[in-house]
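So the chains spell out like this:
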Amino acid sequence: MAEGREFTEPMPGDSSRRPASRNLLSGYRGLDLTNERGLLCGRMLADLGAEVIKVEPPRGDPTRNIGPFYQDIPHRERSLLWSAFNLNKKGITLNLDSVDGRSLFRRLIGRVDFLLESFDPGYLVGRGLGYEVLKELNPDLIVTSITPYGQNGPCHHYQASDITLMATGGYMYMTGEPDRPPLRISQDQAYLHAGSEAAVATMIALYHRGNGGRGQHIDVSAQASLLTSTVNAIPFWEMEGMALGRSGPYRTGLSVSRQRQLWECKNGYVIFYFAGGSFGAGSNAALAAWLETEGLADDFLRSVDWETFDMAMVSEEVEGRVEDLVSQLFSRYTSDELYEEALARGLTLCPVTTPSDLVANPHLAARNFWVHV
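What counts and how
Residues numbered from 1 in each chain as written. Predicted model: local features only at pLDDT ≥ 70, side-chain atom pairs only at ≥ 80, totals over all residues. Heavy atoms only, no water. Helix = DSSP H or I, 4+ residues; strand = E, 2+ residues; numbered from the N terminus. Buried < 20%, exposed > 50% of the residue type's maximum accessible area, 1.4 Å probe, protein only. Contact = heavy atoms within 4.5 Å. Areas by Shrake-Rupley, 256 points an atom, 1.4 Å probe, with all protein chains shown as cover. Core = buried A, V, L, I, M, F, W, Y, C linked by side-chain atoms within 4.5 Å. Pairing = 2+ DSSP bridges. Axes fitted to C-alpha atoms, helices over the stretch in contact; angles between N-to-C directions. Salt bridge = Lys/Arg side-chain N within 4 Å of Asp/Glu carboxyl O.

**With respect to the overall build of the protein**
Okay, step 1: Along the backbone of the protein there are 15 helices and 11 strands.
Okay, step 2: When the backbone C-alpha atoms are referred to their principal axes, the protein occupies close to 80 × 45 × 45 Å.
Okay, step 3: Evaluated residue by residue, the protein yields a buried proportion of 39% over its 373 residues.
Okay, step 4: Partitioning the intrachain contacts of the protein with sequence separation of at least 6 by distance along the chain shows that 66% fall at a separation of at least 24.
Okay, step 5: When the accessible surface of the protein is summed, it comes to about 20400 Å², and 54% of that surface belongs to carbon and sulfur atoms.

Right, dumping it as structure tokens:
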């Protein structure tokens, strides 16, 4: 918002009249009524300069009761999840279950650009605050709704936890070991995908409105956001009819054999894989030279012409032979040692960092990423 602007001033719909600023969304204002389903959306828009006002019920948002908690002391003012995803937002209290609260809400709607909400489908409609009502109050309003399965369809009224969405969205089918049941990613991820896609969709709607359009209702399904985020699974199915399954530490689908990409080292793990073509030739040759200096190279490795080596056609026997040599090399060093050596030699390798590694990371420290609050 422009400096010193009062909340009582209406917000113009024409983005060309917004105050100039180096922040992408400066001059835009929105209300955030989301719970944990959509808090990231508002956080992202706030980080980009929008004035995002978190609206809580009189007893406080239930998300305040979700851990982890600062110093492991459960308290509504100590939720780290709440603090992290509401950074840069302002806050007000509003009771949508009261007549006065709904009246005030309608007044606020005329003075904002967007509304973020993650109630169950029908909640706002049941209180006379559905999109059809809100757009009459503010035709330029963008309403972004974030729910497990969207606003309509046979599953729209279903409840869903993170593991449910990771399963129905397709992620779990590809996560884990091939001979064991599917796994979800350890930390909740489903609604973070939904929140990030909601933020992008809201910005696209703002851009559309600023180019002669009007407000609109954005319907974000967490399941759909996961489905479209399964990276290379969709093109493999569309182009090859291949369903990528669980492969543990290996890459599948890009060659006739599995290719290891997660490797154990002296103190943890690193990521490295043999890439094909000109992209991988230099890195592969550099690794072969390193194996030679360590006394681990064999006649086969010395005979390989990495410029013409086709990783897509490598047999399981050859893959296993190379994997054994590389495993011996990586087991001799820590992840940091392997990383530094990889930089010097031109290898496409990176360490798998732990939370303590990230806290001590010199690059993040140089950029003042970590700030004491």
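**A look at the nonpolar core**
Okay, step 1: With 28 residues, the main nonpolar core has Cys 41, Leu 45, Ala 50, Phe 114 and Leu 165 as its most contacted residues.
Okay, step 2: Where this core is concerned, the elements lending two or more residues are helix 1 (39–47), strand 4 (114–117), strand 5 (142–147), helix 6 (162–168), helix 7 (190–210), strand 6 (217–221) and helix 8 (222–227).
Okay, step 3: Take this core: its biggest share by element is seven residues, from helix 7.
Okay, step 4: Leave out the neighbours within four places in its chain, and Phe 114 touches Tyr 28, Arg 29, Gly 30, Leu 31, Leu 45, Ala 50, Val 52, Leu 141, Ile 142, Thr 202 and Leu 206.

**Considerations on the sheet that holds strand 10 (residues 269–272)**
Okay, step 1: Sheet architecture is open: three strands sit in the order 9-10-11, paired in antiparallel fashion. The open sheet terminates on both sides in strands that have one partner only, identified here as strand 9 (262–264) and strand 11 (349–351). Taken over all neighbouring pairs, the strand axes of this sheet differ in orientation by 30 degrees on average, direction set aside.
Okay, step 2: Of the strand pairs in this sheet, strand 9 and strand 10 are connected by three bridges, and their pairing is antiparallel. Bridging across to strand 10, Leu 262 finds its partner in Ile 271.
Okay, step 3: On top of the sheet, helix 12 (residues 316–330) reaches strand 9, strand 10 and strand 11; it is set at about 50 degrees to strand 9, its chief contact.

**Looking at unusual backbone geometry**
Okay, step 1: Each neighbour pair has its own omega, and for Gly 67 with Pro 68 the value is 5 degrees, a cis peptide bond.
Okay, step 2: Tracing the chain through its elements places Pro 68 in the loop between strand 2 (51–56) and helix 2 (80–85).
Okay, step 3: Phi at Asp 72 takes a positive value of approximately 60 degrees, unusual for a residue other than glycine.
Okay, step 4: By the secondary structure assignment, Asp 72 is in the loop between strand 2 and helix 2.
Okay, step 5: Owing to a relative accessible area of 68%, Asp 72 belongs among the exposed residues under this scheme.
Okay, step 6: Positioned with a positive phi, Asn 88 is a non-glycine residue whose angle comes to about 75 degrees.
Okay, step 7: Counting through the fold element by element, Asn 88 comes out in the loop between helix 2 and strand 3 (90–93).
Okay, step 8: Take Asn 88: its relative accessible area is 48%, and that puts it in the partly exposed class.

**Here's the deal with the environment of Glu 136**
Okay, step 1: Summarising the element assignment, Glu 136 is placed in helix 5 (residues 131–137).
Okay, step 2: Looking at Glu 136, the relative accessible area reads 63%, which means it is exposed.
Okay, step 3: For the pair Glu 136 and Val 52, spaced 84 residues apart in sequence, the C-alpha to C-alpha distance is 22 Å.

**Let's talk about the pattern of salt bridges**
Okay, step 1: Within this structure, the stated rule accounts for 20 salt bridges.
Okay, step 2: Between Asp 120 and Arg 37 there is a salt bridge whose closest N-O contact spans 2.9 Å. Within this pair, whereas Asp 120 is found in the loop between strand 4 and helix 4 (123–126), its partner Arg 37 is found in the loop between strand 1 (29–32) and helix 1, the two being separated by 83 residues in sequence.
Okay, step 3: Judged by relative accessible area, which is 36%, Asp 120 ranks as partly exposed.
Okay, step 4: Looking at Arg 37, the relative accessible area reads 8%, which means it is buried.
Okay, step 5: Salt bridges linked by common partners bring Arg 29, Glu 51 and Lys 90 together as one network.

**Quick notes on the sheet that holds strand 5**
Okay, step 1: One open sheet accounts for six strands, arranged 3-2-1-4-5-6; its pairing is parallel. Lying at the two open borders of the sheet, with one neighbouring strand each, are strand 3 and strand 6. Neighbour to neighbour, the strand axes of the sheet diverge by 20 degrees on average, direction disregarded.
Okay, step 2: Pairing between strand 5 and strand 6: five bridges, direction parallel. Bridging across to strand 6, Thr 147 finds its partner in Ser 221.
Okay, step 3: Sheet strands touched by helix 3 (residues 99–109): strand 1, strand 3 and strand 4. Its angle to strand 1, the strand with the most contacts, is close to 150 degrees.

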